[in-house]
Amino acid sequence: MIALPSRQPDRTRRGARRVVQPYWLSACVLVAVLLAVARTATAFAPLDKWCFVPTGCTLPPRDLVNKTEALQTAMFGKDAGKCGDGICNVVAGETCHSCPDDCGKCAISQPFTKCKNPNHFAITFDDGPSPLTENLVKTLNAAGVKATFFLIGNNAAKHPELWKAVKLAYDSGHDIGTHTYSHRSLGSSGRIDINPAVKKAMTVEEVRTELLMSDLVVEAAIGRRPRFVRLPYLEWQPLSVQAMDTYGYIPININVDSNDWRLQGPAAKPETVVAQFTKAFEDAKKWDKSFISLQHDTLAHSTAAEADIIKFLKTQNVEFVPMRTCLGLDPYRAPNANPFLNDRFSKLPIIGGGNSTSTNSTDSSVVPDVSSSSSSSGGSVQSDKPAGQNLQSSAPARTTLRADAVMLLVAALVVAMVAL
């Protein structure tokens with residue numbers, strides 16, 4: 001009998017091929033994932049992770065969000081830096097309090113509540129824009145009064161048809177500030193009245209995101225990024241003020257409260273607002289000589305009272321001023337100023353990253369005197385060309401896959417399947 005050749009080696013080879021193919025697949029997937037990670041960009045957290053408005057939140061224009069994410073990636077990278085590396089890495093949570101070595105010393109200890117000079121009166125409005133804003137601006141213009149409007153970012157993002165009123169206010173010489181994005185408290189409660197489930201203070205990253213997103217909406221409306229911030233519920237804590245100081249914002253509260261929001265139903269009348277405003281002013285005069293007031297341009301009974309409020313204040317011989325004059329500070333970042341940091345610090349990344357010379361100036365002209373909320377702020381604070389440094393630090397690992405990375409992953413999977 002002739003012995004047939006054994007076929008075992010063939011089975012072994014086929015088995016080897018079956019074993020090798022999954023490795024090729026794994027290798028392709030691994031390469032795609034690595035390419036994807038290499039192409040990630042430092043991203044803001046999803047809306048539902050920081051904006052807790054029950055009716056939903058609307059992002060600012062997507063192109064501005066993408067541009068800001070790309071810019072902070074260029075400045076801070078993708079890996080969390082550490083305090084002492086010479087870069088004030090706000091994306092990693094560093095502030096003038098948590099890391100003064102990198103971010104400089106804090107200059108603001110509490111919000112401003114009155115103007116720099118005696119007899120100055122700054123009229124301010126919160127919560128807009130609303131359908132009432134445009135007529136209010138016209139009323140102010142007719143009276144020759146410059147005021148300040150603090151916008152809720154989400155309100156403005158949801159209603160771009162109201163940007164015209166915001167632009168009218170800006171073009172008329174009124175100042176535009178922000179009232180955060182969702183009107184969440186910057187105090188220890190972190191509350192937002194329309195969502196009682198929120199019961200914890202904001203992290204510095206949430207504070208930063210709220211303010212940056214508000215900036216983008218204001219920028220879309222008027223072409224400038226604001227620096228003035230009205231604190232929701234007038235609440236704050238040292239952590240939030242230190243964060244705002246680091247990021248280049250000016251926190252502003254009041255000493256004349258109209259309490260217009262408390263008026264409901266039949267009590268919501270313009271004459272009642274005038275009466276409450278008058279009393280609040282008389283009370284404030286007992287301890288202050290300059291004033292910042294609060295009303296809401298979302299309340300018809302308050303906006304309808306404005307002409308009479310102005311008439312009353314004129315009898316008191318006050319000088320109406322916008323917030324820029326009240327505090328002696330620029331309400332907007334300079335066109336080329338760093339959008340993430342206060343440019344008074346001695347070490348700041350230059351826009352776009354790259355090598356540049358670090359400055360170590362301690363010029364008092366760029367550090368406002370804010371030893372108390374009633375002190376003069378004074379000084380020039382923004383320059384067109386921020387100081388820079390070599391950017392090597394980086395941000396937390398939270399990232400978002402770009403479309404091209406996803407395409408690479410899909411392509412790798414297709415190649416692996418064909419190989420099978």
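For clarity, every value in this text was computed on a predicted model and none was experimentally measured.

Draft legend 1. Up close: the pattern of salt bridges. For the coordinates displayed, the defined rule picks out 15 salt bridges. With a closest N to O distance of 2.7 Å, Arg191 and Glu235 form a salt bridge. Residue Arg191 is found in the loop between β5 (175-178) and α7 (204-222), and its partner Glu235 is found in the loop between β6 (228-230) and α8 (238-247); the two are separated by 44 residues along the sequence. By relative accessible area, Glu235 is classed as partly exposed at 22%.

Draft legend 2. Representation of the state of the cysteines. Taken as a whole, this structure holds five disulfides when the rule is applied. A sulfur-sulfur distance of 2.0 Å marks the disulfide that ties Cys96 to Cys106. Taking the torsion about the S-S bond as the criterion, the Cys96 to Cys106 disulfide, at about 100°, is right-handed. On the criterion of sequence distance, the pair formed by Cys96 in the loop between α2 (62-76) and α3 (100-103) and Cys106 in the loop between α3 and β2 (120-122) is long-range, its members being ten residues apart.

Draft legend 3. Summary view of the pairing of strand β4 (residues 148-151). Burial along β4 is two-sided: Thr148 and Phe150 and Phe149 and Leu151, pointing in opposite directions, are all buried. Across four bridges, the pairing between strand β3 (residues 124-128) and β4 is parallel. Residue Phe125 lies in a different strand from β4, and its bridge partner there is Phe149. After leaving β3, the chain enters helix α4 (residues 133-143) and then returns to the sheet as β4, a path that is right-handed. Sheet analysis places β4 next to β5, joined by four bridges and oriented parallel. For Thr148, the partnering residue across the bridge sits in β5 and is Asp175.

Draft legend 4. Fine view of the packing of α2 against α7. Closest axis-to-axis distance for the α2/α7 pair is 10 Å, and the angle between their directions is 130°. With respect to α7, the axis of α2 lies oblique. Considering only the axes of α2 and α7, their crossing is right-handed. Contacts from Leu64, Val65, Thr68 and Gln72 in α2 reach Arg208, Met213, Leu216, Glu219 and Ala220 in α7. Of the residues contributing to the contact of α2 with α7, the split by class is five nonpolar, two polar and two charged.

Draft legend 5. Structural detail: unusual backbone geometry. Here the residue pair Gly128 and Pro129 is connected by a cis peptide bond, since its omega of 0° sits within 30 degrees of zero. Here Asn317, not a glycine, exhibits a phi torsion of approximately 60°, which is positive. With respect to the secondary-structure elements, Asn317 resides in the loop between α11 (306-315) and β10 (319-320). Overall, Asn317 belongs to the exposed group, its relative accessible area being 58%.

Draft legend 6. How the structure looks around the nonpolar core. Phe121, Ile123, Phe149, Ile176, Leu313 and Leu327 are the most contacted members of the largest nonpolar core, which has 90 residues in total. The element that contributes the greatest number of residues to this core is α7, accounting for ten residues. In this structure, Phe121 is in contact with Val256, Phe277, Phe281, Phe291, Ser293, Leu313, Val318, Glu319, Phe320 and Val321, ignoring residues within four places of it in sequence.

Draft legend 7. View of the environment of Asp85. For Asp85, the location among the structural elements is in the loop between α2 and α3. Separated by 17 residues in sequence, Asp85 and Asp102 have C-alpha atoms that sit 7.1 Å apart.

Draft legend 8. Representation of the packing of aromatic side chains within the structure. Counted according to the given criterion, the structure contains nine aromatic pairs. Here Tyr170 and Tyr332 contribute two aromatic rings whose centre-to-centre distance is 5.6 Å and whose plane-to-plane angle is 75°, an arrangement assigned as edge-to-face. Pair noted here: Tyr170 is in helix α6 (residues 163-171) and Tyr332 is in the loop between α12 (323-327) and β11 (399-400), with a separation of 162 residues, a long-range link. Through pairs of rings, three or more aromatic residues link up here, namely Phe121, Phe277, Phe281, Phe291 and Phe312. Across the ring face of Tyr249, the terminal group of Arg333 is positioned such that the distance to the ring centre comes to 4.9 Å.

Draft legend 9. How the structure looks around the confidence of the model for the chain. When the pLDDT values of the chain are averaged, the result is 79; 71% of them are 70 or greater. Between residues 1-20, whose pLDDT stays under 50, and residues either more than four places distant or in other chains, the model counts zero contacts. When the criterion is pLDDT under 50, residues 346-406 qualifies, and its contacts beyond four places in sequence or with other chains add up to 172 contacts.

Draft legend 10. Up close: α6. Residues Trp163, Ala165, Val166 and Ala169 constitute the buried set of α6. Buried residues of α6, viewed axially, fall in a sector of 160°; they line one side. Within α6, the exposed residues directed more than 90 degrees away from the buried face are Lys164 and Asp171. Where α6 is buried, its residues touch α4, β4, α5 (153-158), β5 and α7.

Draft legend 11. Geometry of the side chain of Thr124. Examined against the element boundaries, Thr124 turns out to sit in strand β3. Residue class for Thr124 comes out buried when judged on its relative accessible area of 0%. Here the side chain of Thr124 touches Ser293 through a polar contact of 2.4 Å, landing on its backbone oxygen. The contact partners of Thr124, leaving out residues within four places of it in the chain, are Thr148, Phe150, Arg230, Ile292, Ser293, Leu294, Gln295 and Met323.

Reading guide: rules and limits
- Residue numbers here run from 1 along each chain, matching the order of that chain's written sequence.
- Thresholds applied to this predicted model are a pLDDT of at least 70 for local features of residues and 80 or more for the giving and counting of side-chain atom pairs; totals over whole chains, interfaces and linings are not thresholded and use all residues.
- With hydrogens and water excluded, all non-hydrogen atoms of the structure serve as input to the side-chain values.
- When a carboxyl oxygen of Asp or Glu is within 4 Å of a side-chain nitrogen of Lys or Arg, the pair counts as a salt bridge.
- Per the convention used, a helix needs a DSSP run of H or I reaching at least four residues, while a strand needs a run of E reaching at least two, with both numbered from the N terminus.
- Here's how the labels work: a residue is buried when its accessible area is under 20% of the maximum for its type, exposed when over 50%, partly exposed in between, all with a 1.4 Å probe on protein chains only.
- The criterion for a disulfide is a pair of cysteine sulfur atoms lying within 2.5 Å.
- Following DSSP output, two strands are said to pair if at least two bridges run between them.
- A crossover counts as right-handed when, viewed with the strands pointing away from the observer, the path leading from the first strand over the helix to the second turns clockwise.
- Between N-to-C directions, angles cover 0 to 180 degrees, with each direction set by a line fitted to C-alpha atoms, over the stretch in contact for helices.
- Roughly parallel refers to an angle under 35 degrees, roughly antiparallel to one over 145, roughly perpendicular to one between 65 and 115, and oblique to any angle outside these ranges.
- The crossing is said to be left-handed when, going from far helix to near helix, the turn is anticlockwise and less than a right angle, and right-handed when the turn is clockwise.
- Any pair of residues with heavy atoms lying within 4.5 Å of one another is described as a contacting pair.
- Gly is placed with the polar residues, together with every amino acid not listed as nonpolar (Ala, Val, Leu, Ile, Met, Phe, Trp, Tyr, Cys and Pro) or charged (Asp, Glu, Lys and Arg).
- Here, nonpolar core refers to any group of buried Ala, Val, Leu, Ile, Met, Phe, Trp, Tyr and Cys residues whose side-chain atoms link them within 4.5 Å.
- The aromatic pairing rule takes the rings of Phe, Tyr and Trp, using the six-membered ring of Trp, and pairs them if the centres are within 6.5 Å, calling planes under 30 degrees apart stacked, those over 60 edge-to-face and the rest tilted.
- A ring is scored as having a charge over it whenever the NZ atom of a lysine or the CZ atom of an arginine sits within 6 Å of its centre and within 35 degrees of its normal.
- pLDDT gives the predictor's per-residue confidence on a scale running from 0 to 100.
- When we speak of the arc, we mean the arc of directions from the helix axis to the C-beta atoms.
- By the criterion applied in these results, polar contacts are pairs of N or O atoms within 3.5 Å in which, for protein atoms, one can donate a hydrogen and the other can accept it, and in which residues neighboring in sequence qualify only through two side-chain atoms.

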